[in-house]
Amino acid sequence: MTDLPAPLVRTAVIVVAAGSGTRLAAGAPKAFVPLDGRTILEHALDGVFAATPAQVILVVPAGLEAEATDLAADRPVRVVVGGDTRQRSVAAGLVALAEGVDTVLVHDAARALTPPAQFAAVAAAVGPGVGVIPALPVVDTLKRVHGEDVIAPVDRAELAAAQTPQGFPRAELLAAYAQAAEQGVEYTDDAALFAAAGGAVRHVLGSEEAFKITTPHDLERARMILSSSSQHPAEGPVVPRVGIGTDVHAFAAGGTLRLAGLDWPGEPALEGHSDGDAVAHAIVDALLGAAGLGDIGLHFGTAHPEYAGAHGEVFLARTAEILAEAGFAIGNVSVQFQGNRPRFSARRTEAERTLSAALGGAPVAVSATTTDGLGFPGRGEGIAVTAVALVHPIALS
Ligand code: CTP
Ligand code: MG
């Protein structure tokens, strides 16, 4: 509960965290709801403290002052009790401003993943008589409605979605808050209140990450962002991984062909340790290669007699399991075979569905081509397959 010495800071950040989180309905005031083992408030404070050095004022619900101080850990914050509207909470924060502060940023704790650079960009643009908000262009097509009726289109080029932190020169913001209190008017945000008192407001570019956690869906989105960015930290940023697999099998003298997870009555079988399904086998190698988990021989070769004669889909299902156990999800698979037969196009959808189901639903695209009579596929001696797979790291619990 200590402030930085006043001469050190010209900027203050008021973090409003006194709301109840009615729409989130998570059983605790919103800022105190866990995101990933840590609370929304702790994540919000991470962003604030990684930004420009500033006096940090934390506005919390009555009775939660000590808990808020604990969550701030050893970081210097002044904790004050908020009011029953956001505007009152900000007003309570303004009372705690340190001497020497001339720029005030007001920030929603609920925008827990706001990038630190957004604070600096807003603070830098504040000037005498000028407030600044971060905002994003609106991407949806907008309509004016009345009840169930759509009345008119709205030109989105004229609109922007406001975020926080919103920055203002201290003296003008205090005057604007005094005027709003005197008139008893509630504004939707600090920029509207500041403008009502005659201040100019400009905007700088906000960011997708600065979205406000309002509904359970927003909370889930924040959790997803955190879990994907915390995976495999030693490997740096999470990037998808690509793998390639090939397989070649000769046609046998008889039997029934098994290819791409389907039976092909009237077509000769492919030779092989298992069912000879070269399409499935190439996919297995592509997936294992993408995840850096070896190859088909390692997991399903002759050292594993339990797979002798097994169908390709069994290999695929086990491969999906091996990847999941190692922390990888399958993005998609694309596979092509070269051969004169079977004639494939009529059964493409059936094959893609079968292979995709074996992989637990990941999309699989299959295509076929001839080789203009060239090489062993062109002479009808066998089939050559190439598969490419994309996988990505997932959170392991
Ligand atoms: N806030 C506050 N004091 C209030 C109301 C809101 O400090 N009396 C803060 C919230 O904690 C939040 C920010 O203002 O960080 C934006 O408000 P909102 O997203 O509406 O949060 P809640 O009011 O908590 O949520 P709800 O409206 O769903 O109850
Ligand atoms: Mg609210």
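None of these values were measured; they are calculated from a predicted model. (Residues numbered from 1 in each chain as written. Chains lettered and ligands numbered in written order. Predicted model: local features only at pLDDT ≥ 70, side-chain atom pairs only at ≥ 80, totals over all residues. Heavy atoms only, no water.)

Draft legend 1. Expanded view of the overall build of the protein. The helix and strand inventory of the protein stands at twelve helices and 16 strands. Taken against the 2.2 N^0.38 rule, which gives 21 Å for 397 residues, the C-alpha radius of gyration of the protein at 30 Å runs more than 25% over that of a compact globule. Based on the C-alpha atoms only, the size of the protein along its principal axes is roughly 95 × 50 × 35 Å. Counting over 397 residues, the protein shows a buried share of 45%. A sequence separation of at least 24 residues applies to 70% of the contacts in the protein between residues at least 6 apart. Summed over all atoms, the accessible surface of the protein reaches about 19,000 Å², with 56% contributed by carbon and sulfur. Within the protein, the 43 negative side-chain charges are centred at a point lying 5 Å from the centre of the 26 positive side-chain charges. (Helix = DSSP H or I, 4+ residues; strand = E, 2+ residues; numbered from the N terminus. Rg over C-alpha atoms; globule rule 2.2 N^0.38 Å. Buried < 20%, exposed > 50% of the residue type's maximum accessible area, 1.4 Å probe, protein only. Contact = heavy atoms within 4.5 Å. Areas by Shrake-Rupley, 256 points an atom, 1.4 Å probe, with all protein chains shown as cover. Lys, Arg positive; Asp, Glu negative; His and termini not counted. Charge placed at Lys NZ, Arg CZ, Asp CG, Glu CD.)

Draft legend 2. Spatial organisation of the domain arrangement of the protein. Taken domain by domain, the protein holds domain 1 (6–210) and domain 2 (234–393). Of note, the centres of domain 1 and domain 2, computed from C-alpha atoms alone, are 53 Å apart. (Domains from an automatic or database assignment.)

Draft legend 3. Up close: the packing of helix H10 (residues 312–325) against helix H11 (residues 348–358). The contact between H10 and H11 brings their axes to 8 Å, and the two run at 40°. Judged on the interaxial angle alone, H11 and H10 are oblique. Counting all contacts with H10, which are made through Glu313, Leu316 and Ala317, the residues of H11 involved are Thr354, Leu355 and Ala358. In the contact of H10 with H11, the residues fall into four nonpolar, one polar and one charged. (Axes fitted to C-alpha atoms, helices over the stretch in contact; angles between N-to-C directions. Parallel < 35°, antiparallel > 145°, perpendicular 65-115°, else oblique. Nonpolar A, V, L, I, M, F, W, Y, C, P; charged D, E, K, R; others polar.)

Draft legend 4. A look at the site of ligand 1. Around ligand 1 sit 18 residues, and of these Gly21, Thr22, Lys30, Ser89 and Lys212 come closest. Contact between ligand 1 and Ser89: a nitrogen atom at 2.7 Å from a side-chain N or O atom of the residue. Here ligand 1 has 560 Å² of accessible area as a free molecule, and 88% of this is covered by the chains. When the residues that make up the shell around ligand 1 are grouped by side-chain class, the tally is five nonpolar, seven polar and six charged. (Near = heavy atom within 4 Å. Polar contact = N/O pair within 3.5 Å; in protein donor to acceptor, adjacent residues only side chain to side chain.)

Draft legend 5. Expanded view of helix H3 (residues 86–94). Listing the buried residues of H3 in full gives Gln87, Ser89, Val90, Gly93 and Leu94. Seen along its axis, H3 keeps its buried residues to an arc of 160°; they face one direction. Contacts from the buried residues of H3 go to strand E1 (11–16), strand E2 (55–60), strand E3 (78–81), strand E4 (103–108), helix H5 (170–183) and helix H6 (190–196). (Arc of directions from axis to C-beta.)

Draft legend 6. Quick look at the packing of helix H8 (residues 278–291) against H10. Following both chains from N to C, one finds H8 and H10 inclined at 10°, their axes separated by 9 Å at the closest point. In terms of their interaxial angle, H8 and H10 are classed as roughly parallel. Taken together, the residues of H10 that come into contact with H8 (itself represented by Ala280, His281, Ile283, Val284, Leu287, Leu288 and Ala291) are Gly312, Phe315, Leu316, Thr319, Ile322 and Leu323. The class makeup of the residues in the contact of H8 with H10 is ten nonpolar, three polar and no charged.

Draft legend 7. Just the sheet that holds strand E14 (residues 328–338), in detail. Taking strand neighbours across the sheet as the criterion, the four strands line up as E11-E16-E14-E15 in an open arrangement whose pairing is mixed. Single-partner strands in this sheet number two, and they are strand E11 (241–250) and strand E15 (364–369). In this sheet, adjacent strand axes meet at a mean angle of 15° when their direction is disregarded. By the bridge criterion, ten bridges tie E14 to strand E16 (residues 382–393) in an arrangement that is antiparallel. The residue bridging Phe337 from the neighbouring strand is Val385, located in E16. (Pairing = 2+ DSSP bridges.)

Draft legend 8. Inspection of the environment of Ala135 at higher detail. Turning to its location among the elements, Ala135 is positioned in strand E5 (residues 130–137). On a C-alpha basis, the gap between Ala135 and Thr69 in space is 30 Å, while along the polypeptide they are 66 residues apart.

Draft legend 9. A look at the pattern of salt bridges. A full pass over the atoms with the stated rule returns 17 salt bridges. Two residues, Arg86 and Asp190, come together in a salt bridge whose shortest N-O distance is 3.0 Å. Of this pair, Arg86 sits in helix H3 while Asp190 sits in helix H6, placing them 104 residues apart in sequence. Judged by its relative accessible area of 28%, Arg86 is partly exposed. What makes Asp190 buried here is its relative accessible area of 0%. Two residues, Glu350 and Arg347, come together in a salt bridge whose shortest N-O distance is 3.0 Å. Taken together, the shared-partner salt bridges in this structure form one network comprising Arg86, Asp108, Arg111 and Asp190. (Salt bridge = Lys/Arg side-chain N within 4 Å of Asp/Glu carboxyl O.)

Draft legend 10. Up close: the nonpolar core. If you look at the biggest cluster of nonpolar residues, it comprises 45 residues, and the most contacted ones within it are Val279, Ile283, Leu287 and Leu359. Leaving out residues up to four positions away in the same chain, Leu287 has contacts with Thr319, Leu323, Ile330, Val333, Leu359, Ala389 and Val391. Ranked by size, the runner-up nonpolar core spans 28 residues in total, among them Phe32, Leu45, Phe119 and Ala123. (Core = buried A, V, L, I, M, F, W, Y, C linked by side-chain atoms within 4.5 Å.)

Draft legend 11. Here's a closer look at the packing of aromatic side chains. Here the structure, examined in full by the defined rule, presents six aromatic pairs. Note on Trp264 and Phe344: the rings are 6.1 Å apart at their centroids and 35° apart in plane angle, and the pair reads as tilted. Of this pair, Trp264 sits in strand E13 (residues 262–264) while Phe344 is found in the loop between E14 and H11, placing the two residues 80 residues apart along the sequence. For the pair shown, Trp264 and Phe344 are each scored as buried. Plain terms: the ring middles of Phe337 and Phe344 are 5.4 Å apart, the flat faces sit at 85° to each other, and that makes the pair edge-to-face. Taken together, Trp264, Phe337 and Phe344 form an aromatic cluster joined through their ring pairs. In this structure, Arg221 packs its charged tip against the face of Phe211, placed 3.9 Å from the ring centre. (Phe/Tyr/Trp six-rings, centres within 6.5 Å; stacked < 30°, edge-to-face > 60°. Lys NZ or Arg CZ within 6 Å of the ring centre and 35° of its normal.)

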